[in-house]
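# Observations on the model geometry
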Amino acid sequence: MIENIRNHPYTCAVCLETARLFEHRAAKHLVEAQDWADQGVANSALEFQTRARLAQQRANAWHLRAKNASD
């Protein structure tokens, strides 16, 4: 079930912490992607770039939740 992003049970602090964790994960994936690219392994580099993009999208969604949180 997909939650309504404007009406959710999370506090602003929880949303911001979760967003921070996803941003950290995205950064780690970008570093890993760069390492693979430096080694000339394009498939792995693209895979980690995709993971980083997904993590950043999730972070953006949690920032939106934080904006709509009722504390």
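Below you will find a few notes about this structure. Remember, predicted model here, so these are calculated numbers, not experimental data. (Residues numbered from 1 in each chain as written. Predicted model: local features only at pLDDT ≥ 70, side-chain atom pairs only at ≥ 80, totals over all residues. Heavy atoms only, no water.)

With that settled, the discussion passes to helix H1 (residues 12-38). An ideal rise of 1.5 Å per residue puts 39 Å on 27 residues; H1 measures up with 39 Å between its terminal C-alpha atoms. Listed as buried for H1 are Cys15, Thr18, Ala19, Phe22, Ala26, His29 and Ala33. Elements that come into contact with the buried residues of H1 comprise helix H2 (42-68). Where H1 terminates, the next one or two residues include Gly40, which has phi positive at roughly 85°. (Helix = DSSP H or I, 4+ residues; strand = E, 2+ residues; numbered from the N terminus. Expected span 1.5 Å × (residues − 1). Buried < 20%, exposed > 50% of the residue type's maximum accessible area, 1.4 Å probe, protein only. Contact = heavy atoms within 4.5 Å.)

Further remarks concern the environment of Asn60. Among the secondary structure elements, Asn60 is positioned in helix H2. Considered as a pair, Asn60 and Glu23 are 37 residues apart in the sequence and their alpha carbons are 8.8 Å apart.

Let us look at the pattern of salt bridges. With the rule as written, the count across this model stands at two salt bridges. Between Arg20 and Glu17 there is a salt bridge, and its shortest N-O distance comes to 2.7 Å. Of this pair, Arg20 and Glu17 both sit in helix H1, three residues apart, roughly one helical turn. (Salt bridge = Lys/Arg side-chain N within 4 Å of Asp/Glu carboxyl O.)

To continue, consider the nonpolar core. If you look at the biggest cluster of nonpolar residues, it comprises six residues: Cys15, Ala19, Phe22, Ala59, Trp62 and Ala66. Secondary-structure elements contributing two or more residues to this core are H1 and H2. When residues no more than four places from it in sequence are discounted, the contact partners of Phe22 are Ala55, Arg58, Ala59 and Trp62. (Core = buried A, V, L, I, M, F, W, Y, C linked by side-chain atoms within 4.5 Å.)

Below, the discussion takes up H2. Helix length check: H2 (27 residues) gives 39 Å between terminal C-alpha atoms against 39 Å at 1.5 Å per residue, within 8%. Burial in H2 covers these residues: Ser44, Ala45, Phe48, Ala52, Ala55, Ala59, Trp62, Arg65 and Ala66. Against the buried residues of H2 lie H1.

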